[in-house]
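Overview (structure and organization)
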Amino acid sequence: MQANIDSSSVTEVSLSSCAKITLSDTGASINLNKTNPISKNRALQTTPYTFTVTSSCESYVGFNLYLATLNTNTLVDSSVHYIITRNGSKDILAEGILSEATNALSEFTSDDQNQLNVGINGTFGTIYKLYNDDIPLQGEVSYDLYLYIDSEVTDASTMGKTFNAGIAVKSYDREADPATFAEYITTQVYTGVDGENDLYYHDGVGSYTNADQEAGDNSYRYSGANPNNYVCFGATGTDCQNAENQYRIIGVFNNQVKLIKATSYGDYAWNSVNRNTWDGTTKPDIYTTLNTTYYSTLSAEWQNLITETTWQVGGFNNNDLGTAKETYDVEVGTGQNGYEETMKIGLMYVSDYGYGANPEKWTLALSSSSSNYGTDNWLYLGDFEWLISRYAGDFNSTFLLGSYTGSFVFLGNVDYAFVSSARAVRPSFSLTSTATISSGTGTSTDPFVLNLG
């Protein structure tokens, strides 16, 4: 058995207005001759087929990636497993059994089909749509494709069979390029399907597990182990590769992108004096740390990208610390106590952290030691870290993320501690609603780059 995807079997079917999106292969064909069914982990150790999609358009271009099988194949598509990753990365973008992928024949006109047949040196049998992506501003993106016989195939049905296929790319017009960064996230990264690209629309409805636990505030929030939500802030060019200049997107709220520093700014006390009520007249030390000390490290052009925001800082009692939804309601929702502070820089809410976890954890109490809330939660740094909400039952304390070891094991669960303790601090803030980006895919090696002009 042999699966061939070679340089003569790639084609371009371009429908975009600029008509300049091309596909080229930069890797060897996949050869599965005399191979056995294997696991996904084993497959990721094999040599993939590498290909690059390039655009010369002056704006973002959306495109679909297809795999077209030849009608002469004798191996059934239900035996073939595919994986797509970014070139050089093992982070999976899309995977599945080929026969279960979307049949995309309806997306190809008769002329498109003729072009496709020329590109794959034969006649297609089935056209599968495997992945959707876009390219920013005359950019390019490279992928690795893995094909293998799925380990679930336990009989001899694959022996002596043949399988040939080719990759195709098809661009498409968009009604308009996203005018703002927020619009890009909500209309391009969010596909309309909750969970794709690790992004969830919190409208209170959905068909996925625990969709009924959404915040219900019409926000768009990133959840899961490691979403592609990195943003370069405070630097440009090669300095964007420095972790200190990287931030991550908590979500989009009221048409504003909310960021949090990807690494700790340092260990600081929430307040040096106990019994601070933060009632609008007495501000804690953390306010100055964030809105003076940290803020002054940014040049004026970056400061201008940050908008003043109303933060709910009244806090809540420990017995109100429940699930992500229960915490949201008492912290910033209908049950919050009304204390507010208008400022540019804050910390993440307890509920921000709760919703950063995989949705499967949204029914678990944030304070429970058995929840291990830091698992599959990209917001967990593995450190004691201050949150913005104080423990209203005791003015000496504020909520924080726990990182206990030894006789206590709390993997990222929420606790509270004396405000005078020095703990990790990560500035969080919202960009102006007019903020735009020039490039980037959101990975740590290719973060979103903001426009300063």
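Above this text sits the structure in question.
A short tour of the structure in this document, coming up. (Residues numbered from 1 in each chain as written. Predicted model: local features only at pLDDT ≥ 70, side-chain atom pairs only at ≥ 80, totals over all residues. Heavy atoms only, no water.)

Attention now goes to helix H2 (residues 110-119). For H2, the full list of buried residues reads Asp112, Leu116, Asn117 and Gly119. Mapping the buried residues of H2 onto a view down its axis gives an arc of 160°, with all of them on the same face. Of the exposed residues in H2, those oriented more than 90 degrees away from the buried face are Ser110, Asp111 and Val118. (Buried < 20%, exposed > 50% of the residue type's maximum accessible area, 1.4 Å probe, protein only. Helix = DSSP H or I, 4+ residues; strand = E, 2+ residues; numbered from the N terminus. Arc of directions from axis to C-beta.)

Bringing the state of the cysteines into the picture now. Scanning the model with the defined rule gives 1 disulfide in all. Note on cysteine connectivity: Cys232 is disulfide-linked to Cys240, with sulfurs 2.1 Å apart. An S-S torsion of about -80° defines the bridge between Cys232 and Cys240 as left-handed. Exposure class is identical for Cys232 and Cys240. Each is buried. (Disulfide = S-S within 2.5 Å.)

As a further point, take the pattern of salt bridges. Taken as a whole and assessed by the stated rule, the structure comprises 11 salt bridges. Glu95 is paired through a salt bridge with Lys40; the nearest N and O atoms lie 3.2 Å apart. Of this pair, Glu95 sits in strand S7 (residues 92-97) while Lys40 sits in helix H1 (residues 40-43), and the two are 55 residues apart along the sequence. Exposure remark for Glu95: the relative accessible area of 32% places this residue in the partly exposed category. Relative accessible area serves as the criterion here: at 34%, Lys40 is assigned to the partly exposed category. (Salt bridge = Lys/Arg side-chain N within 4 Å of Asp/Glu carboxyl O.)

Taken as a whole, this structure holds 26 aromatic pairs when the rule is applied. Between Tyr201 and Tyr220 the ring centres are 4.5 Å apart and the planes differ by 20°, which places this aromatic pair in the stacked class. Taken as a pair, Tyr201 in strand S12 (residues 199-202) and Tyr220 in strand S13 (residues 219-222) lie far apart in primary sequence, 19 residues in all. Judged by relative accessible area, which is 16%, Tyr220 ranks as buried. In textbook terms, an aromatic cluster arises when at least three aromatic residues are bridged by ring pairs, as seen for Tyr49, Phe51, Phe63, Tyr131 and Tyr143. Its end group placed over the ring of Phe253, Lys258 keeps NZ or CZ at 5.6 Å from the ring centre. Over the aromatic face of Tyr287 sits the side chain of Lys283, whose NZ or CZ is 5.3 Å from the ring centroid. (Phe/Tyr/Trp six-rings, centres within 6.5 Å; stacked < 30°, edge-to-face > 60°. Lys NZ or Arg CZ within 6 Å of the ring centre and 35° of its normal.)

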